[in-house]
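Residue-level listing of the chains:
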Amino acid sequence: MKKTVSALPEGLLYHVTNSENRGAILRDGLKAKDGSWHGVKWKRRVFFVTTRIGAYEMAINFIHERRGEYIFVLVDPAKMRSRIRPDKDYDQGVWTDADVPPEAIKGVEPVDEEFFESTEFLTYMGIDEDDELA
């Protein structure tokens, strides 16, 4: 049996993606797709992070591995047409197996890479300010 989130997450959800996808996402919404990452495969999903700082944690992983410029797509969970499920591999993550319509998208923000060097982010990641993110 699939576990579902009993209540909608409070506030907006964050979807991290390459900035090249911005136009298509604003026009068509987010498309659920099969995929894999670090050997974990999944069927038709769109992933989200429930906190802004968690979105930055996800973004730094993408930037480090895949390069490019990334953005946050801000999504209103109340305007999604499908159930939201918890991500078993990330405590701040949730996902849906359906496309997200354009009307659920509330905006797009750039990932501020300077935030990765902030005291707030380093503390969140458990890194001393004297250490470097490798």
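Caption draft 1: Just the overall build of the chain, in detail. Helix and strand content of the chain: three helices and seven strands. Along its sequence from the N terminus, the chain presents helices and strands in the succession β-α-β-β-α-β-β-β-β-α. Every one of the 134 residues in the chain was classed for burial, and the buried ones make up 42%.

Caption draft 2: The packing of aromatic side chains, seen in detail. Per the counting criterion, the structure on display carries nine aromatic pairs. Plain terms: the ring middles of W42 and F47 are 4.9 Å apart, the flat faces sit at 80° to each other, and that makes the pair edge-to-face. Looking at F47, the relative accessible area reads 25%, which means it is partly exposed. An aromatic cluster is present here, built from Y14, Y56, F72, F115, F116, F121 and Y124 joined pairwise through their rings. In this arrangement the basic side chain of R45 is found over the ring face of W95, its NZ or CZ atom lying 3.6 Å from the centre.

Caption draft 3: A look at the pairing of strand β2 (residues 33-37). As paired strands, β2 and strand β3 (residues 40-49) are joined by four bridges and run antiparallel to one another. Its bridge partner being in β3, G35 is matched across the sheet by W42. Taking the residues that link successive antiparallel strands as the turn, the β2-β3 hairpin has two residues, and the phi of H38 there is positive, at about 55°.

Caption draft 4: Structural context of the nonpolar core. V16, Y56, F72, V111, F116 and F121 are the most contacted members of the largest nonpolar core, which totals 19 residues. Put simply, the parts of the chain that give this core at least two residues each are β1 (13-18), α2 (52-66) and β4 (70-75). In terms of residues, this core owes the most to one element, α2, which gives eight residues. In this view, F72 contacts Y14, H15, V16, A55, Y56, A59, G107, V108, E109, P110 and V111; residues no more than four positions away in its chain are not counted. Within the second largest apolar cluster, 16 residues are counted, among which are M80, V94, A104 and V108.

Caption draft 5: Quick peek at the layout of surface pockets. Estimated volume of the largest pocket: approximately 1200 Å³. If you go around the largest pocket, you meet 41 residues; those closest to its centre are H15, W42, V46, F47 and F62. Where the lining of the largest pocket is concerned, the elements lending two or more residues are β1, α1 (22-28), β2, β3, α2 and β6 (93-96). Here the element with the most residues in the lining of the largest pocket is β3; it accounts for eight residues. Of the residues assigned to the lining of the largest pocket, the class counts are 19 nonpolar, 10 polar and 12 charged.

Scoring rules and cut-offs
Residues numbered from 1 in each chain as written. Predicted model: local features only at pLDDT ≥ 70, side-chain atom pairs only at ≥ 80, totals over all residues. Heavy atoms only, no water. Helix = DSSP H or I, 4+ residues; strand = E, 2+ residues; numbered from the N terminus. Buried < 20%, exposed > 50% of the residue type's maximum accessible area, 1.4 Å probe, protein only. Phe/Tyr/Trp six-rings, centres within 6.5 Å; stacked < 30°, edge-to-face > 60°. Lys NZ or Arg CZ within 6 Å of the ring centre and 35° of its normal. Pairing = 2+ DSSP bridges. Core = buried A, V, L, I, M, F, W, Y, C linked by side-chain atoms within 4.5 Å. Contact = heavy atoms within 4.5 Å. 1 Å grid on protein atoms, 1.4 Å probe; cavity = no way out; pocket = protein on both sides within 12 Å on 5 of 7 lines; lining within 4 Å. Points joined across faces, edges and corners; volume = space filled by probe spheres on them. Nonpolar A, V, L, I, M, F, W, Y, C, P; charged D, E, K, R; others polar.

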